[in-house]
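Listed below, chain by chain, are the residues.
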Amino acid sequence: MSRVDHSQMANAIRALAMDAVEQAKSGHPGLPMGAADMATVLFTQFLKFDAADPTWPDRDRFVLSAGHGSMLLYALLYLTGNAQMTIDEIKRFRQMGSLTPGHPENFVTKGIETTTGPLGQGLATAVGMAMAERHLAAEFGGDIVDHHTYVLASDGDLMEGLSQEAIALAGHLRLNRLIVLFDDNGISIDGALSLSDSVDQVKRFEAAGWAAERIDGHDAKAIADALTRAQKADRPSLIACKTVIAFGAPTKAGSEKSHGSPLGAEEIAGARKKLGWDAPAFEIPKDILDAWRAAGSRGAAAHQDWSQRIGKADAAKRAEFERRIKGELPTQALAAAVKAMKTELAASPKAIATRIASENAITVLTAAVPEMIGGSADLTGSNNTRAKGMVAVSANNYGGRFVHYGIREHGMAAAMNGMALHGGVIPYSGTFLVFSDYLRPALRLAALMGERVIHVLTHDSIGLGEDGPTHQPVEHLAAMRAIPNLNVFRPCDTVETLECWQLALEADGRPSVLALTRQNLPQLRTTDDADNRCAAGAYELAAADGEAEVSIFASGSEVEIAMDARKLLAAKSIKARVVSVPCMDLLLEAPAAARAAIIGKAKVNVAVEAAVRMGWDAIIGMDGIFIGMSGFGASAPYKELYKHFGITPEAVAEAAAARLGARSS
C-alpha cells in the first residue's frame, strides 16, 4: 500500500475510537490512536485470519494485552468484516448487553481470542497459545498446525511482574512463532513513564532469549520490515514501536490526558482536521471500508487451502485433531480407565497421600486422554504431577507432555489459560496450595472465561507439618471457593481423588482446583462404586444407626477425623452420620431439595476442616459447630499440630455431645 492508503486506513481506526469513547463518555482513546499504524500493517499484510470464520483452527492469534485499548480491537473487527461486529455495536461501546464491553471479553464477542484488561495477562496467556501451537504442530504436523501468535502490549503490561515470568519461559522454549508489538509510547496514567520506570525493554527481552529491536511505530514500512524479520526469527520477537499516544490529537497527543478519558468534542474536531478526516462520526468512507473488507477476506484462500489439506489427511489423524480442537473428551476411554482403577482400588485399598493418589490417577488418565499436558512450578516431586514416562517439553521437543515452568506460578497459570484457549490441549499443573496467592489473578480469569484448566495444589493444610505457617494454608480454601465458576475439590482418599480428577476433566466450562495432602490418609471408600459420588459435591459416607442426632461434615484429611468422631459418639449412644464434602461448590449449586437431602435434619451440625470457617455456614448454619483453624499454623510434626489446634476426633465428639446435651436439657 502507499503511505496515503495506509494513513487513511489507520485513521479509520482512530476515528472510530475517538467517536465511540466520546459517545460512551468513558474509555481509553489514546492507545487505539497511537497503535493504529502497527495494527493496520499487521492486519492488512501479515495476520493470517478469515473474518468470515473467526474460529478457524489454523488462524494466527492476535492478543490485545493492553485490553484498556479495546476500541482498537473492536474497530478492527468491524472494519475487516466480522459479521457480529456492526457499526451499531461500535456505537454501543461500554453499554449493557453490547458486544463492545469496556475490556475485551472472548466469551462475549467472536474474534476475540482472550479476555484482557488486567495488565500482563494477555502477554502471558499468549505464551501458552504459542506453546499449544508448537505442541500440536509437533504431534499433527505443519500441514495442519502452522500459525503465529501476535501480541500488542503496553508499557503497563511490561511493568507487571507477570511479564518477566512469561518472557523468560517463552525465551527458554524458543517460541519463535510468538511476536510481540510493544506500544512504546512512554506514558502511564500518572504521566511520563520516566516517573516510575527506566528499564531498557529491548535489552531486557534480549537477556531473556528474545530477538528484539526498536522502530518508529508510525512508519508503515519499518513496521512491515520488522514483522518480516520476526517471522523468520529462530526465537520469540519483540518489536518496540515508538509511538505517540493519541496520535493526531492537537493538544492531548503524547499526554496522559488521552489515556483514560474521552478527548472531548473540541479536541476530536481538531484531530479530524489534523488527520485530514472529513467523515462524520461513525461513518467510514466507502473506499476505505472496502479496502479494510478486502483485508478481512485476504485470508480466505489460506483458510481454503488448509481445509483441503486437512481433508486429505489420514482419517484417524483428522478425527483425532478435530476431537481435540472441539474440546470433546474420549468418553469411552476415560470411563473405562476410571472404572478399571476403581475396581483395582476396591480390591487393593491404598492408604496414601492424596497427592500420591493424584499421581496414580494422572498415570491412568493421561494414557486415556492424550491431550492432557502436565507441569509444575518447580515442585514436580512434591506435587506428583508427572506421570511415569512423560517426556518434558523443551525447545528441542515440543511434542513432550510435561512442562517445567520453573518458579513462575503466575506465568504458569496464565500460560495454561492460553493453552486452553488455543484449543486441542487440556493443561494441568501443580504448586503448593499456599502459593495459589501467586497465581490467583490468572485463575480468576480462567473462571471468568470458563476455561478448562486444572490446578493441582498440594500440601493443603497444617498437615504438611514442619515447614510451618509460611507454607501452611489456612485461608486459601475459602479464597479459592470465593471465585465464581471454579470447582475446588478436596478429596478424602484415593477413590475420591480419582473421582475428582474425572469431574475436573469433564468440567468443560470451568477451571478446577484439586487440594491434596502431603500426609497419608486411609482409603475410606472400599466398594466398587459405579457412580461418581463426588459429582453431588457431598454425600453421606457413613449413615447413623437410626435417625441422626448429629451430622458431621468434613473435607479431605479431616474426613478420617469425622469417621473416628462418629465412633466415639456411638460409644456414648449418640447417633451420628458423616458427610464427605469433596466439592462445596457443587453442593451449593445443587437444587435446593437435593442440597437439603444431603445436609439432613440432625439436631447438631458440625464441620471439620483444617482451615478457616468461612463458607461452611452455608452447610452447618451460623449456629453450627466448626472445628478448624482460626489463625495461622506452626512448625511441628503434623500429628502434634492437629492436637495443638484441637482438630481431633475427641474435640469433635465432645463439642457435638455438649451441644446435643444443651439442646436436650
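Structure first, text after, so check above.
Here's what I pulled together on the structure shown here. (Residues numbered from 1 in each chain as written. Predicted model: local features only at pLDDT ≥ 70, side-chain atom pairs only at ≥ 80, totals over all residues. Heavy atoms only, no water.)

Here we look at the pairing of strand β14 (residues 512–515)
Thinking step 1. Neither face of β14 is exposed, since Ser 512 and Leu 514 on one face and Val 513 and Ala 515 on the opposite face are all buried.
Thinking step 2. Sheet topology note: the strand β12 (residues 454–458)/β14 ladder contains 4 bridges and is parallel. Within the sheet, the bridge partner assigned to Leu 457 lies in β14 and is Ala 515.
Thinking step 3. With 3 bridges connecting them, strand β13 (residues 487–489) and β14 associate as parallel partners. In the strand pairing of β14, Val 488 is matched with Val 513.
Thinking step 4. After leaving β13, the chain enters helix α20 (residues 494–506) and then returns to the sheet as β14, a path that is right-handed. (Buried < 20%, exposed > 50% of the residue type's maximum accessible area, 1.4 Å probe, protein only. Helix = DSSP H or I, 4+ residues; strand = E, 2+ residues; numbered from the N terminus. Pairing = 2+ DSSP bridges. Right-handed = clockwise from strand over helix to strand, strands pointing away.)

Things to note about the pairing of strand β17 (residues 550–554)
Residues in a regular strand project their side chains so that they alternate between the two faces of the sheet.
Thinking step 1. Burial runs high along β17: 5 of the 5 residues are buried.
Thinking step 2. Here β17 shows two buried faces, one formed by Val 550, Ile 552 and Ala 554 and the other by Ser 551 and Phe 553.
Thinking step 3. The pairing of β17 with strand β18 (residues 576–580) spans 5 bridges and is parallel. Counterpart to Val 550 in the pairing with β18 is Ala 576.
Thinking step 4. Taken together, β17, helix α21 (residues 558–571) and β18 constitute a β-α-β crossover, and its handedness is right-handed.
Thinking step 5. Direction of pairing for β17 relative to strand β19 (residues 604–609): parallel, over a ladder of 5 bridges. Each residue of the ladder has a partner; that of Ile 552, found in β19, is Val 606.

Structural notes on the layout of surface pockets
Thinking step 1. Roughly 700 Å³ of volume is contained in the largest pocket.
Thinking step 2. If you trace the largest pocket, you find 32 residues lining it, with Ala 420, Leu 421, His 422, Gly 423 and Glu 451 closest to the centre.
Thinking step 3. For the lining of the largest pocket, the elements supplying multiple residues, two or more each, are α13 (315–326), α17 (409–422) and β11 (426–432).
Thinking step 4. The residue makeup of the lining of the largest pocket, split by class, is 12 nonpolar, 9 polar and 11 charged.
Thinking step 5. Computed from the structure, the second largest pocket encloses a volume of approximately 300 Å³.
Thinking step 6. Lining the second largest pocket we find 16 residues, and of these Glu 560, Ile 561, Tyr 638, Lys 639 and Tyr 642 sit closest to its centre.
Thinking step 7. Among the elements of the structure, β15 (520–521), α21, α25 (638–644) and α26 (649–664) are those that each provide at least two residues to the lining of the second largest pocket.
Thinking step 8. When grouped by side-chain class, the residues that make up the lining of the second largest pocket number 6 nonpolar, 4 polar and 6 charged. (1 Å grid on protein atoms, 1.4 Å probe; cavity = no way out; pocket = protein on both sides within 12 Å on 5 of 7 lines; lining within 4 Å. Points joined across faces, edges and corners; volume = space filled by probe spheres on them. Nonpolar A, V, L, I, M, F, W, Y, C, P; charged D, E, K, R; others polar.)

Description of unusual backbone geometry
Thinking step 1. Despite not being glycine, Phe 282 shows a phi value in the positive range, around 65°.
Thinking step 2. Within the secondary structure, Phe 282 is located in the loop between α10 (265–275) and α11 (286–297).
Thinking step 3. Its identity as a non-glycine residue notwithstanding, His 459 has a phi of 55°, on the positive side.
Thinking step 4. Within the secondary structure layout, His 459 lies in the loop between β12 and α19 (476–481).
Thinking step 5. Overall, His 459 belongs to the buried group, its relative accessible area being 5%.

Comments concerning the sheet that holds strand β10 (residues 402–404)
Thinking step 1. The strand order across the open sheet built from 6 strands is β10-β9-β11-β12-β14-β13, with neighbouring strands paired in parallel fashion. A strand with exactly one partner marks an edge of an open sheet, and here the two such strands are β10 and β13. On average, adjacent strands in this sheet sit at an angle of 20° to one another, irrespective of strand direction.
Thinking step 2. As paired elements, strand β9 (residues 372–376) and β10 share 3 bridges and run parallel to each other. Paired with Gly 375 across the two strands is Val 403, which belongs to β10. (Axes fitted to C-alpha atoms, helices over the stretch in contact; angles between N-to-C directions.)

Don't take any of this as a statement about function, it's just geometry.
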